[in-house]
Amino acid sequence: MSPLVIELDPLRAAGPVLLGASFEDTGRVLAAWGAPQPYAPYPGAEPLDWRLMGSGVNVHVCCGSAGVVQTVEIYRDFDVEPRAQVCLLGVDLFSTPAEQVIAELRARFDVEVDQGDCGLVVPELSVGMSRSGVPYPGADQETIDRYTCFESVLIASRGYYDPPPRNGAL
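Student: Give me the lowdown on the side chain of T96, citing residues and values where you can.
Tutor: Within the secondary structure layout, T96 lies in the loop between β9 (91-92) and α2 (98-106). Under the relative-accessibility criterion, T96 is labelled buried at 12%. Among the polar contacts listed, one links the side chain of T96 to the backbone oxygen of D92, at a separation of 2.8 Å. In this structure, T96 is in contact with V91, V101 and C149, ignoring residues within four places of it in sequence.

This is the structure:
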């Protein structure tokens, strides 16, 4: 079985999941990746989001009270083989070393990287990525390899990572 391939189209879509699509339409297109489940933020609340687990990636699609897709966050699934490929501008984010992803994005865009290179934001594309740091000094190579690549990516509409307006500014 070949892995699921999800091409990110910043400011527009993650594979067939379109930003701005309705909650209902999103559930239907997510079914191509597995069995999506409606997700409620707390017990008894109306499901406003979608979650998908176990298809090589884990996905959280946030629709919120607007009823349309606002963000799509995809997480690498360490427990499923083959793992899905999640590509941005032709780069597999979950198998390419984070340092290489950062360098390739910096060559094209303004990139904000947090201390330790564990988080990255490309405001122009409304894309954010994160990974864990190596959990302890002296970790074995298998553990280090697990933390070399990004573990999650979020796409959103334009302006998602813009700073909030200052007081008095519109």
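We are not done yet, so read on.
Student: Outline the sheet that holds strand β11 (residues 119-122), supporting the account with residue identities and numerical values.
Tutor: Pairing in this open sheet of eight strands is antiparallel, and the strands run β4-β5-β6-β7-β13-β12-β11-β10 from one edge to the other. In this open sheet, the two edge strands, each paired with only one partner strand, are β4 (37-39) and β10 (112-113). Taken together, the five bridges between strand β7 (residues 71-76) and strand β13 (residues 152-156) define a ladder with antiparallel strand orientation. Of the residues in β13, the one forming a bridge with E73 is L154. Docked against the sheet, helix α1 (residues 23-30) engages β4, β5 (49-52) and β6 (57-62), running at close to 10 degrees with respect to β5.

Student: Before we move on, can you summarise the sheet that holds strand β2 (residues 13-14) with the specific residues and values?
Tutor: Read across the open sheet, the five strands follow the order β3-β2-β1-β8-β9; overall the sheet is mixed. Of all strands in the sheet, those with a lone pairing partner are β3 (17-18) and β9, marking the two edges. Sheet analysis places strand β8 (residues 85-88) next to β9, joined by two bridges and oriented antiparallel. What sits directly across from L88, in β9, is V91.

Student: Pulling in residues and values, what's your account of α1?
Tutor: For α1, every residue scored as buried is listed here: F23, T26, G27 and L30. All buried residues of α1 fall inside an arc of 100 degrees around its axis, so they share one side. Residues of α1 that are buried make contact with β3, β4, β5 and β6.

Student: An account of the pattern of salt bridges is requested, with residue identities and associated values reported.
Tutor: Opposite charge on two side chains lets them pair, provided their charged atoms get close. Applying the stated criterion across every chain, the model contains three salt bridges. We note a salt bridge from E99 to R131, for which the minimum N-O separation is 3.2 Å. Residue E99 is located in helix α2, and its partner R131 is located in the loop between β12 (127-130) and α3 (141-146); the two are separated by 32 residues in the primary sequence. For E99, a relative accessible area of 43% translates into the label partly exposed.

Student: Pulling in residues and values, what's your account of the side chain of S126?
Tutor: Along the chain, S126 falls in the loop between β11 and β12. Beyond its immediate stretch of four places on either side in the chain, S126 contacts L11, L154, I155, A156, S157, R158, G159, Y160 and Y161.

Student: Got a sec to walk through the packing of aromatic side chains? Specific residues and values, please.
Tutor: According to the stated counting rule, one finds two aromatic pairs in the structure shown. Summarising the aromatic geometry, the rings of F23 and W50 are spaced 4.6 Å apart at their centres and angled 20 degrees between planes, so their arrangement reads as stacked. Pair noted here: F23 is in helix α1 and W50 is in strand β5, with a separation of 27 residues, a long-range link. Relative to Y161, the ring of Y160 has its centre 4.9 Å away and its plane inclined at 85 degrees; by these criteria the two rings are edge-to-face. A residue is classified by how much of its surface remains accessible, and Y160, at 44% relative accessible area, is partly exposed. Y161 gets classed as partly exposed once you look at its relative accessible area, which sits at 25%. The ring of Y39 carries R51 above its face, with NZ or CZ at 3.8 Å from the centroid.

The rules behind each value
- Residues numbered from 1 in each chain as written.
- Predicted model: local features only at pLDDT ≥ 70, side-chain atom pairs only at ≥ 80, totals over all residues.
- Heavy atoms only, no water.
- Helix = DSSP H or I, 4+ residues; strand = E, 2+ residues; numbered from the N terminus.
- Buried < 20%, exposed > 50% of the residue type's maximum accessible area, 1.4 Å probe, protein only.
- Polar contact = N/O pair within 3.5 Å; in protein donor to acceptor, adjacent residues only side chain to side chain.
- Contact = heavy atoms within 4.5 Å.
- Pairing = 2+ DSSP bridges.
- Axes fitted to C-alpha atoms, helices over the stretch in contact; angles between N-to-C directions.
- Arc of directions from axis to C-beta.
- Salt bridge = Lys/Arg side-chain N within 4 Å of Asp/Glu carboxyl O.
- Phe/Tyr/Trp six-rings, centres within 6.5 Å; stacked < 30°, edge-to-face > 60°.
- Lys NZ or Arg CZ within 6 Å of the ring centre and 35° of its normal.

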